[in-house]
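Reading the structure
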Amino acid sequence: METGFAAGEGRWRARLGTLRQVVRQELVTRQLRAHLPGRAPLRVLDVGCGQGTQTLRLARLGHEVTGLDSSPALLADLGRALAGEPEEVRRRARTVEGDVRDLASLFEPGSFDVVLCHGVLMYFADPEPVLDDLARLPGPGASCRCWSATATGWRCGRG
Ligand SMILES: C[S@@+](CC[C@H](N)C(=O)[O-])C[C@H]1O[C@@H](n2cnc3c(N)ncnc32)[C@H](O)[C@@H]1O
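Residue positions within a chain follow its written sequence, with the count starting from 1. Note on the predicted model: pLDDT of at least 70 is required for a residue's local features to be given, and 80 or more for side-chain atom pairs to be given and counted; whole-chain, interface and lining totals, by contrast, use all residues.

A look at the overall build of the chain
Put simply, DSSP H or I for four residues or longer makes a helix, DSSP E for two residues or longer makes a strand, and each gets a number counted from the N terminus. Counting its regular elements, the chain contains 7 helices and 6 strands. Ordered by position from N to C terminus, the α and β elements of the chain give α-α-β-α-β-α-α-β-α-β-α-β-β. With C-beta atoms placed from the backbone, a residue counts as buried when 20 or more other C-beta atoms lie within 10 Å of its own, as exposed when 12 or fewer do, and as partly exposed for counts between those limits. Within the chain, buried positions represent 33% of all 159 residues. Nonlocal contacts in the chain, meaning residues at least 24 apart in sequence, comprise 62% of its contacts between residues at least 6 apart. Any two residues are considered in contact once their C-beta atoms, placed from the backbone, lie within 7 Å.

Topic: the environment of A135
Checked against the element boundaries, A135 lands in helix α7 (residues 128–136). On the basis of neighbour counts, which here come to 13 C-beta atoms within 10 Å, the residue A135 falls in the partly exposed class.

With respect to the packing of helix α2 (residues 19–35) against helix α3 (residues 53–60)
Note on definitions: angles span 0 to 180 degrees between N-to-C directions of axes, and those axes are lines fitted to C-alpha atoms, for helices only across the stretch in contact. One way to put it is that α2 packs onto α3 with a least axis distance of 11 Å and a crossing angle of 40 degrees. Taken as axis vectors, α2 and α3 run oblique relative to one another. With respect to the hand of their crossing, α2 and α3 are arranged in right-handed fashion. Contact residues: Q25, V28, T29 and L32 in α2; T53, Q54 and R57 in α3. Here the contact of α2 with α3 is built from residues that sort into 2 nonpolar, 4 polar and 1 charged. Angle categories: roughly parallel below 35 degrees, roughly antiparallel above 145, roughly perpendicular from 65 to 115, and oblique for all the rest. When the near helix sits turned anticlockwise from the far one by under a right angle, the crossing is termed left-handed; a clockwise turn instead gives a right-handed crossing. Gly is put with the polar residues, along with every residue not named as nonpolar or charged; the nonpolar set is Ala, Val, Leu, Ile, Met, Phe, Trp, Tyr, Cys and Pro, and the charged set is Asp, Glu, Lys and Arg.

Side note on the site of the ligand
Close to the ligand lie 19 residues, the nearest being G48, G50, S70, S71 and G119. Looking at the shell around the ligand, its residues break down into 8 nonpolar, 8 polar and 3 charged. We call a residue near a molecule or strand when the C-beta position, derived from backbone atoms, sits within 6 Å of it.

Things to note about the environment of E64
Within the secondary structure layout, E64 lies in strand β2 (residues 64–69). You can call E64 partly exposed: it has 18 C-beta atoms within 10 Å. The spacing of E64 and L42 is 22 residues in sequence and 6.0 Å in space, taken between C-alpha atoms. Aside from chain neighbours lying at most four places away, what touches E64 is P41, R43, V44 and R92.

Focus: α7
Buried within α7 are the following residues: V130, D133 and L134. All buried residues of α7 project into a common sector of 105 degrees when viewed along the axis, lining one side. Among the exposed residues of α7, those pointing more than 90 degrees away from its buried face are E128 and D132. Each C-beta atom gives one direction from the helix axis, and the arc is the one those directions make.

Listed below in structure tokens is the structure:
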């Protein structure tokens, strides 16, 4: 299913190693470490995981991470990165090829401790239905974290 991202996917992949992206990922990683409860393993869903930078880092920390994305090419990039990881990290990370708009049918409500959605919502003209579905996924006491580009920078929302 095509969204606003598909046309720019090649450019996104080509720029993953740029300073801007490396710094952005590092900022997200540091925020997550500060925000997530220390105990592992948490059940984490990374919605629109793409190349899986955070999926991989969280799996390395001991969390059970599911990366959902609609792009076969980006999931293949993540698969290649995972192939170079130790077996226990590979076991903790799984990928699902699917559309964010099908969240409700893909996952049971309350089935994750942490739900991430970074750099995805800005591709939807109306992100409200996706937000509603995202909000159903974390179980009691769990959290949902969205990070999206705005006209003036990046905006992070937590719940
Ligand atoms: C800008 S990238 C962000 C990737 C990653 N979350 C990050 O922060 O590095 C946007 C990602 O959202 C995914 N995406 C866009 N629309 C989607 C949809 N409708 N369903 C699933 N994934 C989608 C793209 O394939 C891409 O991997």
